[in-house]
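Geometric and topological summary
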Amino acid sequence: MPKVKPHRTSPSLDMTPMVDLAFLLVTFFMLTTQFRPDEAVVVDPPSSTSDLHAPDSDILTLTVDKNKRVFFGYDKAPVKEAALKAVGAKYGVTFTPTQVKQFSLMPNFGVPITQLGSYLDKDTEQRKALNPTLPGIPYDSLNNQMIDWVIEARKANAALFKKPTFLVIKGDGNADVKTVQTVIKDLQEKDINRFNLLTSLEMKPSYIGQ
Amino acid sequence: MAEIQQQSKDSGKGGKKRAKKMSTKIDMTPMVDLAFLLLTFFMLTTTFAKPNVMQLTMPVKDKNLKDDEQTKIKASQAVTIILAPDNKVFYFFGLNEPTDPSVPKPEIKVTDFSANGIRKVLLERQHQQPEPIILIEPYVYEGKEAKYKNMVDILDEMNITNQKKYALIDIPKKDIDLIKTQKLL
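Residues numbered from 1 in each chain as written. Chains lettered and ligands numbered in written order. Predicted model: local features only at pLDDT ≥ 70, side-chain atom pairs only at ≥ 80, totals over all residues. Heavy atoms only, no water.

When helices and strands are counted, chain B shows four helices and eight strands. When the helices and strands of chain B are read in sequence order from the N terminus, they spell out α-β-β-β-β-α-β-β-β-α-β-α. Taking all 185 residues of chain B together, 37% fall into the buried category. A total of about 12300 Å² of accessible surface is found on chain B, and carbon and sulfur atoms cover 55% of it. (Helix = DSSP H or I, 4+ residues; strand = E, 2+ residues; numbered from the N terminus. Buried < 20%, exposed > 50% of the residue type's maximum accessible area, 1.4 Å probe, protein only. Areas by Shrake-Rupley, 256 points an atom, 1.4 Å probe, with all protein chains shown as cover.)

Below is the structure:
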């Protein structure tokens, strides 16, 4: 009886399905990924058990950092351009088309309108270096530019996209309540009574001692 | 390497020179390396989670309403929570009416944001008094201030303990005086 020779298999393996899968995933992630925009100020929001999600678009963000500064941001470029023109007209400041273009590309900003022109003339790197020393948007009762920005942005969004604005207050956990309360009070003066506080997710307690 | 080169067996023999047979298999290892590198990169940088928000609806201010026309809170319903600096919570039941001698002075108690702190107090109060009205007052006085985090925490507690009526208000002077007299700050 002849010996049964073990069949020698080649050690090479077919990697095609793995490659297929890998590239499928790469394509998926490339298409879905959203890079974090380069914001003027980074805040660490407090956590809550609320599981409401912000909508995809039309979000107006008022960022409050721990140095009592307020930053304004909007997610749509045309609205920002319209708001810039309207607020500029109110304070007698005009902007060049390049400045308007630059402004529409920024996710948020925190300078008084009088300094906005020179801030916009700087390039991205210079602006980044300047950001920690920015004064923020004035929001005191004598010179309340913040409310002008909010109102003009809401107006522009309603005119351009016929959609309501979703107002989000993004506060740093270490920010003081007074600043946030002032912002809320200013908005209430203008009959804006619904706010959304941006928070990071925390698990709901399973047992609350009922 | 995933592919192992087979040694050609006809080396050394002076036979005919044959055209080298090219293998139809390609070594895909570098491509796989690159694909997984990209995959890892995109997986780590992507942000799926949309930010969470907590909704806060403030009452509409009626500017025509006079002070004496405003709805009064019953003393039995009222719970005042003061968000103090250093993550402390002060609370008292009933109303603080220093001008009215018939109302006894409320006693402020101190607690914190832990599960056995203010949450327990609120739940116990809910058992005694089914519909409490909670007044949240962040302490802002003489440079000492509560943190925004505390405000979110207490609003969160309202959601967790399922409170129906609560309001975020400015701390009145009389409550600051009450804290002062009880030497809490």
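Anyway, onward from the coordinates.
A few words now on the sheet that holds strand β5 (residues 133-138) of chain B. Sheet strands line up and pair through hydrogen bonds in the backbone, either parallel or antiparallel. Residue and element names in this part refer to chain B. With respect to topology, five strands assemble into an open sheet ordered β4-β3-β2-β5-β8, the strand pairing being mixed. Edge positions in the sheet fall to β4 (109-111) and β8 (165-168), since each of these pairs with one other strand and no more. For this sheet, the mean angle separating the axes of adjacent strands, direction not counted, is 25 degrees. Of the strands in this sheet, β2 (78-84), β3 (88-93), β4 and β5 touch helix α2 (residues 118-128), which is tilted by about 15 degrees from β3. (Pairing = 2+ DSSP bridges. Axes fitted to C-alpha atoms, helices over the stretch in contact; angles between N-to-C directions. Contact = heavy atoms within 4.5 Å.)

Another aspect to go through is a nonpolar patch on the surface. Together, A:Leu21, A:Leu24 and A:Leu25 line one region of the surface with nonpolar side chains, adding up to about 280 Å² of accessible area. Examined against the element boundaries, A:Leu25 turns out to sit in helix α1 (residues 16-32). (Patch = residues over 30% accessible without salt bridge, like charges linked within 9 Å, V, L, I, M, F, W, Y side chains within 5 Å. Salt bridge = Lys/Arg side-chain N within 4 Å of Asp/Glu carboxyl O.)

What follows covers the interface of chain A and chain B. Between chain A and chain B, the contact holds 62 residues from the first and 50 residues from the second. Together, the buried faces of chain A and chain B total about 5200 Å²; carbon and sulfur atoms form 63% of this surface. Broken down residue by residue, the surface that chain A buries against chain B is led by A:Phe29, A:Val177 and A:Leu197, which jointly contribute 12%. A salt bridge links B:Asp170 to A:Lys185, with the nearest nitrogen and oxygen atoms 2.6 Å apart. Here chain A and chain B share 14 residue pairs in polar contact (both at pLDDT 80 or more) between them. Taken together, the elements giving at least two residues each to the side of chain A that touches chain B come down to α1, β1 (47-48), β2 (52-53), β6 (166-171), α7 (177-189) and β7 (194-201) of chain A. Examining the composition of the side of chain A that touches chain B, we find that eleven residues originate from one element, α1(A), more than from any other. Sheet topology note: the β7(A)/strand β1 (residues 52-57) of chain B ladder contains six bridges and is antiparallel. Bridging across to β1(B), A:Phe195 finds its partner in B:Leu56. (Buried area = accessible area lost by both parts, 1.4 Å probe. Polar contact = N/O pair within 3.5 Å; in protein donor to acceptor, adjacent residues only side chain to side chain.)

Looking now at unusual backbone geometry. For A:Lys162, which is not glycine, the phi dihedral falls at a positive 55 degrees. Residue position: A:Lys162 is located in the loop between α6 (145-161) and β6. Given the relative accessible area of 68%, A:Lys162 is considered exposed. The phi torsion at B:Asp86 lies on the positive side, around 60 degrees, for a residue other than glycine. With respect to the helices, strands and loops of the structure, B:Asp86 is situated in the loop between β2 and β3. A relative accessible area of 65% places B:Asp86 in the exposed class.

Right, let's talk about the environment of B:Thr40 for a bit. All names here are of chain B. In this fold, Thr40 is placed in helix α1 (residues 29-45). For the pair Thr40 and Lys20, spaced 20 residues apart in the sequence, the C-alpha separation amounts to 39 Å. Only 2.4 Å separates the side chain of Thr40 from the backbone oxygen of Phe36, close enough to count as a polar contact.

With that out of the way, let us pick up the pairing of strand β4 (residues 70-74) of chain A. Residue and element names in this part refer to chain A. Of all five residues in β4, five are buried; the element is thus mostly enclosed. Residues Val70, Phe72 and Tyr74 line one face of β4 and the alternating positions Phe71 and Gly73 line the opposite face, and both faces are buried. Here strand β3 (residues 59-64) pairs with β4 via five bridges, running antiparallel. Bridge assignment links Leu60 to a residue of β4, and that residue is Tyr74. Adjacent in sequence and paired antiparallel, β3 and β4 are bridged by five residues, among which Lys68 carries a positive phi angle near 65 degrees. In this sheet, strand β5 (residues 108-109) lies alongside β4 in antiparallel orientation, the contact comprising two bridges. Bridge assignment links Gly73 to a residue of β5, and that residue is Asn108.

Attention shifts here to the packing of helix α2 (residues 77-91) of chain A against helix α3 (residues 97-105) of chain A. Residues and elements named next belong to chain A. Interhelical geometry of α2 versus α3 gives an angle of 130 degrees and a closest axis separation of 8 Å. Relative to α3, the element α2 lies oblique. As α2 runs across α3, the sense of the crossing is right-handed. Of the residues in α3, those touching α2 at Ala77, Lys80, Glu81 and Leu84 are Val100, Phe103, Ser104 and Leu105. A class-by-class count of the residues in the contact of α2 with α3 yields five nonpolar, one polar and two charged. (Parallel < 35°, antiparallel > 145°, perpendicular 65-115°, else oblique. Left-handed = near helix turned anticlockwise from the far one by under 90°. Nonpolar A, V, L, I, M, F, W, Y, C, P; charged D, E, K, R; others polar.)

The geometry of an aromatic ring pair comes down to the distance between the two centres and the angle between the two planes. Per the counting criterion, the structure on display carries eight aromatic pairs over all chains. Where A:Phe28 meets A:Phe29, the ring centres are 5.3 Å apart and the plane angle is 70 degrees; that geometry is what we call edge-to-face. Exposure remark for A:Phe28: the relative accessible area of 41% places this residue in the partly exposed category. Under the relative-accessibility criterion, A:Phe29 is labelled buried at 9%. Centroid distance B:Phe41 to B:Phe42: 5.2 Å. Interplanar angle 70 degrees. Geometry classified as edge-to-face. Directly above the aromatic system of A:Phe161 lies the positively charged group of A:Lys76, at a separation of 3.8 Å from the ring centroid. (Phe/Tyr/Trp six-rings, centres within 6.5 Å; stacked < 30°, edge-to-face > 60°. Lys NZ or Arg CZ within 6 Å of the ring centre and 35° of its normal.)

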